Amino acid sequence: MSQDQPSLFDESAKENTPITGLAENTARAIELHDQLNQANYAYYVLDNPSLPDAEYDRLFHELKNIETQFPQLLSSDSPTQRVGATPLSQFEQVTHEVAMLSLDNAFNEDDMNDFNRRVSERLNTTDVIEYACEPKLDGIAVSLLYENGLLVRGATRGDGSTGENITQNIRTVASIPLKLLGADHPPVLEVRGEVYMPKRSFESLNVLARENDEREFVNPRNAAAGSLRQLDSKITASRRLEFCCYSLGRVEGRDMPIKHSEILAQFSHWGFKTNAESKVVQGVEGCLGYYQQLAEKRNQLSYEIDGIVFKVNDIAQQQRLGFVSRAPRWAIAHKFPAQEEMTILEGVDFQVGRTGAITPVARLKPVFVGGVTVSNATLHNMDEIKRLDVRIGDTVVIHRAGDVIPKLARVVLERRPHSAVVIEMLSRCPVCDSHIERLEDEAIARCSGGLVCGAQRKEAIKHFASRKAMDIDGLGDKIVEQLVDENLISSFADLYSLDMESVATLERMAQKSAQNLLAAIEDSKKTTLAKFLYSLGIREVGVTTAQNLQNHFLDIRTLVKADFETLISVQDVGPIVAQYILNFFSEPHNQEVIDGLLQAGIHWPQVEVKTADQLPLATQTFVVTGTLNLMGRDEAKGYLQALGAKVAGSVSAKTHALVAGEKAGSKLKKAQDLGIDILDEAAFIQLLSEHGIEHG
Ligand code: IVH
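Conventions adopted
- Just so you know, the residues in each chain are numbered from 1, in the order the chain's sequence is written.
- Only residues with pLDDT of at least 70 are given local features in this predicted model, and only at 80 or more are side-chain atom pairs given and counted; all residues enter the totals for whole chains, interfaces and linings.
- Only hydrogens and water are set aside when side-chain values are computed; all heavy atoms of the structure are taken into account.
- Numbering of helices and strands runs from the N terminus; a helix is a DSSP stretch of H or I covering at least four residues, while a strand is a stretch of E covering at least two.
- In this scheme, a residue with accessible area under 20% of its type's maximum is buried, one over 50% is exposed, and one in between is partly exposed, where area comes from a 1.4 Å probe on protein chains only.
- Helix span, as expected, comes to 1.5 Å for every residue beyond the first.
- In this description, contact between two residues means that some pair of their heavy atoms is separated by no more than 4.5 Å.
- Note: two strands are recorded as paired if DSSP finds a minimum of 2 bridges between them.
- Axis geometry follows a simple rule: fit a line to the C-alpha atoms, using only the stretch in contact for helices, then measure angles between N-to-C directions, giving values from 0 to 180 degrees.
- Under this definition, polar contacts are N or O atom pairs within 3.5 Å; protein pairs additionally need one hydrogen-donor-capable and one acceptor-capable atom, and for neighbouring residues in sequence, both atoms have to be side-chain atoms.
- When at least one non-hydrogen atom of a residue lies within 4 Å of a molecule or strand, that residue is treated as near it.
- For accessible areas, the Shrake-Rupley method is used with a probe of radius 1.4 Å. Any residue's cover is judged against the shown protein chains and nothing else.
- Residue type decides the class: Asp, Glu, Lys and Arg count as charged, Ala, Val, Leu, Ile, Met, Phe, Trp, Tyr, Cys and Pro as nonpolar, and the leftover types, Gly among them, as polar.
- Roughly parallel means an angle under 35 degrees; roughly antiparallel means over 145; roughly perpendicular covers 65 to 115; every other angle is labelled oblique.
- Arc definition: directions from the helix axis to the C-beta atoms.
- Aromatic pairs are defined between Phe, Tyr and Trp rings, using the six-membered ring for Trp, whenever the two ring centres lie within 6.5 Å; interplanar angles under 30 degrees are classed as stacked, those over 60 as edge-to-face, and all others as tilted.

Observations concerning unusual backbone geometry
- Despite not being glycine, aspartate 471 has its phi angle at roughly 55°, a positive value.
- Tracing the backbone shows aspartate 471 in the loop between α13 (457-465) and α14 (477-485).
- Residue classification places aspartate 471 among the partly exposed positions, given a relative accessible area of 35%.
- Its identity is not glycine, yet asparagine 487 carries a phi of approximately 60°, on the positive side.
- With respect to the element layout, asparagine 487 can be found in the loop between α14 and α15 (492-495).
- Assessed through its relative accessible area of 69%, asparagine 487 is described here as exposed.

Given below as structure tokens:
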């Protein structure tokens, strides 16, 4: 290839290619406008992307380049003009030549029947009225003015006759056409509709606000309003707003269709987004049916709606009906029950869950919201209380959407009484009086009572009896529940004083099963220190940690007395686990539990003092690869380390064995080539079991 003929694939060469004459670039810019507008329309209005993002970006940059070189080609309808312009110092006022009306509300079927009757009476007809039904979008109303197909002005509704000129901001909303698609547009066209923020955009905006310690928006409507009323349109551009049209304002120089639904269809041809749920129905029955359907679908929609708007579909009939004060007689908004209401926070209770988690629950002055009476709402944890800055006595907003559990959305700070009381976490469990622990970095506080705590007893005993713990065959969840409910046991140790007489009283417990169960309980007395430690249910002490503790301490008395420093010197025990272990053993009732169990006859073989190199797999190097189905790879490594093995990252001649799960790749191949022992998951579990570690 010659020097002066750069390859088309040579990026630097392309950049250096001079942009040729104005005429060619004008033609190309027009082409790019069309292509980008079409792509924008397909993406934002039809939700059906027509171009890959990368191609869109290329065309966009090509257009930007042309506009930089030939500023005279930069026009206000250019697709590059959606990114925001120079900030304004204030918004100009705009007069709406056709007033922007609001709507009367209906709250129930009676209101709807009344509305329909009024319409029929005024039209002096007994014919069934045709209605256009549309979701009532919860955003803000805007008017968009097009002259000869170009967007020339965007305005807010304001008081209905005067609004604000927000053209710069409107241009940044991707689903608003800057130039109408198709042909035969009227020379003057005013389209009205709602700018709104989809639920997901709203949520991510608030996540960002939280991260930046900024004030959150209370709902998508406020977020949309706040985003549209920015003097700096770059901020608006950064918010993901959408627009959906719902009515015609001014029109000049062209006849429009004679039905509302057809006008919307025409808007859609010109490139506007119309609501996909819109439908035409016959009579008030049709309206009520539509309302019901949408009410059920409401939570699945990607945007908030607060009701349904019903409009007489025939424009001639609309004109005969006219309007009173600021609302048309031909339309009504049938509102959904409010999803947010205010009430008073009268107190906070602390509930103890089955795992000891302490959850603050708001006790509310009963309030009717989202169709039910709500008198409590979870507050999740203390961080949430702090985030909400909520106090007892506060006026709070309760949010209940659909079947979702009600939540305390926010505090109305303006109404905070002087007597409002700060909410503090309890220091002791309300059920068993044990200490409540909450480690730094942890959102959830927990009762440290474990078995002693009535709220946690069943779960603790189920864990105690489970296979990797004391392995009591036949003592399943249902039996534990019955034993506790019948007051036959209230502690681990009580299991060891069960007899035929008491066990036989249990439901569906045949003589033979009762005997088997008692035998299994008896058998479980012979265990290992590791299993015993695991069975106590100390937080974060799993099978591996229990094994490491056994390896390190050999004896329960030394472990009980161990201090923080000693604990963190144990393999795999970090400061958090060490703290949990310390907390557990410093609780006097846990000591009693241990004493009770030892007295009941639980024992384990005295382990000889083993130094690290005396552990069963000491001196052996393992590698773990592939997907294990019954445990994570880290867990597998933990077990191996507990048995003294070294775990390496790659296979070499020094590797003793490879634990290979599914889809093992090059490591498996290498191990095969080197003739190294390969254990599949089953063989690995077998190996662990031979060394006293039960997994699964
Ligand atoms: S029609 C004369 N249709 O509701 C008709 N309004 O309370 C005026 N809204 O300001 C409006 N979705 O912001 C209409 N599909 C819809 C609507 C809708 C939401 C809002 C609009 C208006 C308010 C009236």
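Here we look at helix α2 (residues 22-45)
- In this model, α2 (24 residues) spans 33 Å end to end at C-alpha, consistent with the 34 Å of a helix rising 1.5 Å per residue.
- Within α2 the residues assigned to the buried category are Asn25, Ala29, Leu32, His33, Leu36, Asn37, Ala39, Asn40, Tyr41, Ala42 and Val45.
- Buried residues along α2 sit in contact with α3 (53-69) and α9 (260-269).
- Note on α2: the residue one or two positions beyond its end, aspartate 47, has a positive phi of about 55°.

Here's the deal with the sheet that holds strand β10 (residues 305-312)
- Ordered in space as β2-β13-β10-β3-β9, the five strands form an open sheet in which the pairing is mixed. Of all the strands in the sheet, just β2 (105-106) and β9 (279-282) have a single pairing partner and so form its edges.
- As defined by bridge partners, strand β3 (residues 130-137) adjoins β9 across four bridges and the pair is classed as antiparallel. Note that in β9 the partner of cysteine 133 across the bridge is lysine 279.
- Contacting β3, β9, β10 and β13 (331-335), helix α10 (residues 283-297) crosses the sheet at an angle of about 135° to β9.

Quick word on the side chain of threonine 80
- In this structure, threonine 80 sits in the loop between α3 and β1 (93-95).
- Side-chain polar atoms of threonine 80 contact the side chain of glutamate 67, separated by 2.7 Å.
- Excluding anything up to four places from it in sequence, threonine 80 contacts Phe60, Leu63, Lys64, Glu67 and Leu74.

Notes on the site of the ligand
- If you check the shell around the ligand, you find 14 residues, and the closest are Glu134, Leu137, Glu194, Tyr246 and Lys311.
- Contact between the ligand and glutamate 134: a nitrogen atom at 2.8 Å from a side-chain N or O atom of the residue.
- Lysine 136 places a polar side-chain atom, nitrogen or oxygen, 3.3 Å from an oxygen atom of the ligand.
- Compared with its free state, where it exposes 520 Å², the ligand has 88% of that area covered by protein.
- Every element with two or more residues in the shell around the ligand is listed here: β3 and β10.
- With four residues, the top contributor of residues to the shell around the ligand is β3.
- Looking at the shell around the ligand, its residues break down into nine nonpolar, no polar and five charged.

Examining the packing of helix α22 (residues 575-586) against helix α23 (residues 588-600)
- Put simply, α22 and α23 touch, their axes get as near as 5 Å, and they point 75° apart. Classified by the angle their axes make, α22 and α23 are roughly perpendicular. Each of Phe584, Phe585 and Ser586 in α22 lies in contact with α23, whose residues at this interface are Pro588, Asn590, Gln591 and Ile594.
- Its residues assigned to classes, the contact of α22 with α23 shows four nonpolar, three polar and no charged.

Some thoughts on the environment of glutamate 62
- Along the chain, glutamate 62 falls in helix α3.
- Judged by its relative accessible area of 29%, glutamate 62 falls in the partly exposed class.
- With 30 residues separating them along the chain, glutamate 62 and leucine 32 place their C-alpha atoms 8.2 Å apart.
- What glutamate 62 contacts, discounting residues up to four positions off in sequence, is Arg28 and Leu32.

What about helix α17 (residues 511-523)?
- Its 13 residues place the ends of α17 18 Å apart at the C-alpha level, agreeing with the 18 Å of an ideal helix rising 1.5 Å per residue.
- Taken together, the buried positions of α17 are Ala514, Leu517, Leu518, Ala520 and Ile521. Taken down its axis, α17 places every buried residue within 160° of arc, on the same side. Turned more than 90 degrees away from the buried face of α17, the exposed residues are Gln511, Lys512 and Asp523.

Concerning the packing of aromatic side chains
- For the structure shown, the criterion picks out twelve aromatic pairs.
- For the ring pair phenylalanine 532 and tryptophan 604, a centre distance of 5.1 Å and an interplane angle of 35° mean the geometry is tilted. Taken together, the residues phenylalanine 532 in helix α18 (residues 529-535) and tryptophan 604 in the loop between α23 and β23 (621-625) connect sequence positions 72 residues apart. A single burial state applies to phenylalanine 532 and to tryptophan 604, both of which are buried.
- Ring geometry for phenylalanine 584 against phenylalanine 585: centres 5.4 Å apart, planes inclined by 90°, an arrangement best described as edge-to-face.
- Owing to a relative accessible area of 5%, phenylalanine 585 belongs among the buried residues under this scheme.
- Following the ring pairs from residue to residue traces out a cluster consisting of Tyr146, Phe243, Phe267 and Phe272.

Section: the environment of methionine 382
- Locating methionine 382 in the fold gives a position in helix α12 (residues 382-388).
- For the pair formed by methionine 382 and proline 360, sequence separation is 22 residues and the distance between their alpha carbons is 7.6 Å.
- Not counting residues within four places of it along the chain, the set of residues in contact with methionine 382 comprises Phe350, Ile423, Glu424, Met425, Arg438 and Ala443.

Concerning the pairing of strand β25 (residues 657-660)
- Across the two faces of β25 the burial is the same, with Ala657 and Val659 and Leu658 and Ala660 all buried.
- Two elements, β23 and β25, share four bridges in a ladder whose sense is parallel. In the sheet register, valine 624 faces β25, and the bridge partner there is valine 659.
- Bridge count for β25 against strand β26 (residues 677-679) is three bridges, and the pairing is parallel. When the sheet's bridge partners are listed, leucine 658 is paired in β26 with isoleucine 678.

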